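Single-letter residue listing:
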Amino acid sequence: MIHMRDVSKVYENGTVALDHVQVDIGKGEFVFIVGASGAGKSTFIKLLLREELPSGGSLIVNGRDVVHMERAEIPYLRRGLGVIFQDYRLLPDKTVFENVAFAMQVIEAPRRIMQRSVFSVLDVVGLRDKYDSFPSQLSGGEQQRVAIARAIVNNPAIVIADEPTGNLDPDTSWDIMDIFQRINKAGTTIVMATHDRNIVDTMKRRVIAIEDGRIVRDQARGGYGYEA
Ligand code: ADP
Ligand code: ADP
């Protein structure tokens, strides 16, 4: 699903955010990306989404060559990726239903299929009853569940989450992780950058640790800490 070969990222001001990174992530994996602030986690994620271009190396995401991609191909890349952020990024003047449907309308799905898909993903996150609420009427955890529904409505091969529990209390964070586990069980690859030590240590999934732009640890059933 994801193949990084010798990937580096040097920003225009000379900051080396990633330094010759090698990573392979296969279908159905659940991967935590950990590291201190400034280590390079967000850059790693931005490269997957083609929000930034690598300065060197090769990067294949979901079968597409991200480095040599034409601008016109970028939307097709992103359609295969579901993205979730710490701050939810919902449209405030749209309902829950509309926020999720909006992600689908981009691919011009027929209306009945669209409605069925929206309610089906709202079921996955347990929010069918709130379909007509606005984001401001929801708790943080509920807003993040809407963001997850939006991320999965087009059946992405990979779900990419950048600190998805960063604004949530521990109980609510676990509700979110339960949803990710279910999505992963259904075959979706999950890549999640996080600072949540408790979640990483409890789930015992693959952990890739980044320090100063380099991968310093890649463990199949890892923990958060830097002890190997
Ligand atoms: P993390 O997500 O782990 O906090 P980032 O990927 O955001 O790390 O940042 C890695 C390094 O790259 C940091 O030194 C950061 O200051 C720098 N950086 C991030 N984005 C930019 C940018 N647009 N321009 C210059 N430097 C950047
Ligand atoms: P429109 O989609 O143009 O608003 P519809 O009559 O198709 O009109 O649907 C009205 C609204 O009813 C939908 O937008 C949706 O919010 C809600 N709705 C549709 N199907 C269901 C369903 N299975 N369960 C709950 N609410 C639904």
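As the structure is a computational prediction, the values presented were derived from the model and not from experiment.

Colleague: Just give me the short version of the packing of aromatic side chains, but keep the residues and values in it.
Modeller: What the rule picks out here adds up to three aromatic pairs. Note on Phe 97 and Phe 119: the rings are 5.2 Å apart at their centroids and 45° apart in plane angle, and the pair reads as tilted. Placement of Phe 97 in helix 3 (residues 96–105) and of Phe 119 in helix 4 (residues 111–124) is noted, with a sequence separation of 22 residues between them. In this structure Phe 119 comes out as buried when scored by relative accessible area, which is 17%. One residue, Arg 79, lies across the ring of Tyr 76, its end atom 4.9 Å from the ring centre. Sitting over the ring of Phe 85, Arg 89 keeps its end group 3.8 Å from the ring centre.

Colleague: Tell me about the site of ligand 2, residues and numbers included.
Modeller: Around ligand 2, a shell composed of Phe 97, Arg 111, Gln 115, Phe 119, Arg 128 and Tyr 131 is seen. At 2.9 Å from an oxygen atom of ligand 2 is found a side-chain nitrogen or oxygen belonging to Arg 111. Note that an oxygen atom of ligand 2 is positioned 2.8 Å from one of the side-chain N or O atoms of Gln 115. If ligand 2 stood free it would expose 530 Å²; the protein chains cover 46% of that surface. Of all the elements, helix 4 adds the most residues to the shell around ligand 2, at three residues. Residues that form the shell around ligand 2 fall into these classes: three nonpolar, one polar and two charged.

Colleague: Outline the environment of Arg 112, listing residues and values.
Modeller: Inspection of the secondary structure puts Arg 112 in helix 4. C-alpha separation for the pair Arg 112 and Asn 184, spaced 72 residues apart in sequence, amounts to 27 Å.

Colleague: A description of the sheet that holds strand 2 (residues 16–25) should follow, citing residues and the corresponding values.
Modeller: The strand order across the open sheet formed by four strands is 2-1-4-5, and the pairing between neighbours is antiparallel. Edge positions in the open sheet fall to strand 2 and strand 5 (64–65), since each of these has one partner strand only. As paired strands, strand 1 (residues 2–10) and strand 2 are joined by six bridges and run antiparallel to one another. Note that in strand 2 the partner of His 3 across the bridge is Asp 24.

Colleague: Give a description of the environment of Gly 28 that names residues and reports values.
Modeller: Mapped onto the elements of the fold, Gly 28 is located in the loop between strand 2 and strand 3 (30–34). With residues near it in sequence (within four places) discarded, Gly 28 still touches Asn 184, Gly 187, Thr 188 and Thr 189.

Scoring rules and cut-offs
- Residues numbered from 1 in each chain as written.
- Chains lettered and ligands numbered in written order.
- Predicted model: local features only at pLDDT ≥ 70, side-chain atom pairs only at ≥ 80, totals over all residues.
- Heavy atoms only, no water.
- Phe/Tyr/Trp six-rings, centres within 6.5 Å; stacked < 30°, edge-to-face > 60°.
- Helix = DSSP H or I, 4+ residues; strand = E, 2+ residues; numbered from the N terminus.
- Buried < 20%, exposed > 50% of the residue type's maximum accessible area, 1.4 Å probe, protein only.
- Lys NZ or Arg CZ within 6 Å of the ring centre and 35° of its normal.
- Near = heavy atom within 4 Å.
- Polar contact = N/O pair within 3.5 Å; in protein donor to acceptor, adjacent residues only side chain to side chain.
- Areas by Shrake-Rupley, 256 points an atom, 1.4 Å probe, with all protein chains shown as cover.
- Nonpolar A, V, L, I, M, F, W, Y, C, P; charged D, E, K, R; others polar.
- Pairing = 2+ DSSP bridges.
- Contact = heavy atoms within 4.5 Å.

From the geometry alone we can't say anything about function, so treat these as descriptive.
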